Amino acid sequence: MKTKEINLVIIGFGVIGKGFAEVLADKHDFLRANYGVDLKVTAICERDGSVVCKKGIDLDNVVELSLNNNLKAHENWTTLKSLDVINKIRSDIVLELTPSNIETGQPGLTHIKESLKRGMCVVTSNKAPLAVEFSQLQKLAKNSGAELRYEATVGGALPLINLRKHALQVNNINSVQGILNGTCNYVLTKMADEYVSMDVALKEAQNLGIAEADPSYDINGIDTGAKVVILANSLLGMDVSFKDVAVTGISDVTTEAIELARKHNHVIKLIGDVERLDVSPRLVPINHPLNVSGTLNAVTISTDIARDITVIGPGAGGKETSSSLFSDIIDIIRSK
Amino acid sequence: MKVDMKLGLKDVPGSLLWALEPISLHGGNIVSVLHSRNGKDPVSVQIGFRVKDQKSLDLIKKDMKKHTIHLTEILVEGRKYYSKKTLSIIFIGHIIDKDVLETIDRINEAGLVSSIDVLMPSPEEKSSVMLNIDVDNGNIKRLNKTILGICKEKQFLLIRSL
């Protein structure tokens, strides 16, 4: 098989960036043998500078340096900022993996726009830019002829957008609903299983690294709301943004409510209801497919032909999410 | 006229007899009783019977309501005559302090609260209340509007069914 060289730029080298780099180091030969691609990372951008190497960066080395908070010690460290890299270094695909800011969509929004304007395809795990300016970004991608792919923005490793694209083509999708935030699911599961308060469950989630130091983004339903916007626009053909979603988080859910639900053969889960643009805690029958435990995510897509399809899997984690990033990358390469 | 009635019965001794009584009292001739015992409570029961006329059926329905029997569907000569759904919700808030009877009365204008289960950790803290509400299919929108109105006004967190 003839090998095609594809240059990648990674913007944001946190949990997902490092997870992606580790999987690429591990799967590089597999991808070359099975898909005929030689994926080469030529730049990795962090807040205060970038590692740039046109020949390709040694990924094992860069992951180790980053884990030791010592990326600046890399021999190819430069003070180039992410926008400088986008403007100066030509790549085939830009991976936008910076953290989400749901109010402004920044800095990811600018990274995506500038990359698309330069005709570079973008693969992102960053929800905020899409939750804020979904249709504008789609238009920009269309006009530039570059692809914008975002499977990793919703449900981590769960294939949802690509499932619709590649396996449910003939179906009309009537509704989509599910558990889209692993932190909330962990907390609610813990409260139900061990009859502990939300504070205790949350503290344990933080100790295990499942919840952020400031978990409000997850607990207040904002993260789920952003994902609902992306699914509404991409699977149900809506044209909505975050402000259109009614969001109620789980912070006021009591152990007594969870106990009552259990007594009546139900559990309480934070559900993103895409058709209704609603995020709220809901009663889920104990034997329902959406009753999944721990940090798992689960989404049911209801269609006219295939009927209900439920996808369950890890909704977070660097390596797990990279599965979705690779799915988009391979798709882009195949379509070229 | 031939009537098929679906109802949900508590899984306790005597509840079936209790449910059949209004039918025999108003001249119904019971032809079949199907019990669906799948470990669920309430147990789903389907009763087939013949009655003289509409008036007899109305009397049976009225007495069943008095017996607090949970009717889910009635078919008359094989055609749907009446169909109900049970919605389960949980309210979290100061439900008892904020006139629980008034809350139930308002819900009963659109549906019928068939059971209520309350957990109060202490008088100062918020209580959690689970309600099962029977509602005619045609009245679900109105019921939802009523519930949302109550939650907004009394500052309850609402947890709805899927």
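Keep in mind the model is a prediction, meaning the values are calculated, not measured.

1. Structural notes on the interface of chain A and chain B
Item 1. Listed by partner, the interface residues are 23 residues for chain A and 17 residues for chain B.
Item 2. Counting the surface lost from both chain A and chain B, the interface buries some 1,800 Å², and carbon and sulfur atoms represent 68% of this.
Item 3. For the chain A face of the interface with chain B, the top three residues by lost area are Glu256, Leu260 and Leu283 of chain A, together amounting to 36%.
Item 4. Inspection of the chain A/chain B interface yields two salt bridges.
Item 5. Linking chain A with chain B are eight residue pairs in polar contact (both at pLDDT 80 or more).

2. Observations concerning the packing of aromatic side chains
Residues and elements named next belong to chain A.
Item 1. Scanning all chains against the criterion turns up three aromatic pairs over all chains.
Item 2. Note on phenylalanine 20 and phenylalanine 326: the rings are 4.6 Å apart at their centroids and 20 degrees apart in plane angle, and the pair reads as stacked. With a gap of 306 residues between them, phenylalanine 20 in helix H1 (residues 15-35) and phenylalanine 326 in helix H12 (residues 318-335) connect regions that are remote in the sequence. You'll find phenylalanine 20 and phenylalanine 326 in the same group, each marked buried.

3. Details of the domain arrangement of chain A
All names here are of chain A.
Item 1. As assigned here, chain A comprises domain 1 (4-157 + 318-335) and domain 2 (169-314).
Item 2. A C-alpha centroid distance of 28 Å is found between domain 1 and domain 2.
Item 3. Counting the surface lost from both domain 1 and domain 2, the interface buries some 1,200 Å², and carbon and sulfur atoms represent 73% of this.
Item 4. On the domain 1 side of the interface with domain 2, the three residues burying the most area are Ile102, Lys127 and Val154, jointly 40% of the side's total.
Item 5. Taken together, the connections running from domain 1 to domain 2 amount to one salt bridge.
Item 6. With its nearest N and O atoms 3.2 Å apart, the salt bridge here joins lysine 127 to aspartate 223.
Item 7. On the surface where domain 1 and domain 2 come into contact, there are four residue pairs in polar contact (both at pLDDT 80 or more).
Item 8. Here the side of domain 1 that touches domain 2 takes six residues from helix H5 (residues 127-144), the largest share from any one element.
Item 9. Each residue belonging to the side of domain 1 that touches domain 2 can be placed in one class, and the counts come to eight nonpolar, five polar and two charged.

4. Side note on empty space enclosed by the protein
Residues and elements named next belong to chain B.
Item 1. Per the counting criterion, the structure on display carries one cavity of 30 Å³ or more.
Item 2. As a volume, the largest cavity reaches approximately 40 Å³.
Item 3. Contributing to the lining of the largest cavity are Gly93, His94, Ile95, Ile96, Asp97, Met120, Pro123, Glu125 and Ser127.
Item 4. Residues that form the lining of the largest cavity fall into these classes: four nonpolar, three polar and two charged.

Thresholds, definitions, all that
Residues numbered from 1 in each chain as written. Chains lettered and ligands numbered in written order. Predicted model: local features only at pLDDT ≥ 70, side-chain atom pairs only at ≥ 80, totals over all residues. Heavy atoms only, no water. Contact = heavy atoms within 4.5 Å. Buried area = accessible area lost by both parts, 1.4 Å probe. Salt bridge = Lys/Arg side-chain N within 4 Å of Asp/Glu carboxyl O. Polar contact = N/O pair within 3.5 Å; in protein donor to acceptor, adjacent residues only side chain to side chain. Phe/Tyr/Trp six-rings, centres within 6.5 Å; stacked < 30°, edge-to-face > 60°. Helix = DSSP H or I, 4+ residues; strand = E, 2+ residues; numbered from the N terminus. Buried < 20%, exposed > 50% of the residue type's maximum accessible area, 1.4 Å probe, protein only. Domains from an automatic or database assignment. Nonpolar A, V, L, I, M, F, W, Y, C, P; charged D, E, K, R; others polar. 1 Å grid on protein atoms, 1.4 Å probe; cavity = no way out; pocket = protein on both sides within 12 Å on 5 of 7 lines; lining within 4 Å. Points joined across faces, edges and corners; volume = space filled by probe spheres on them.

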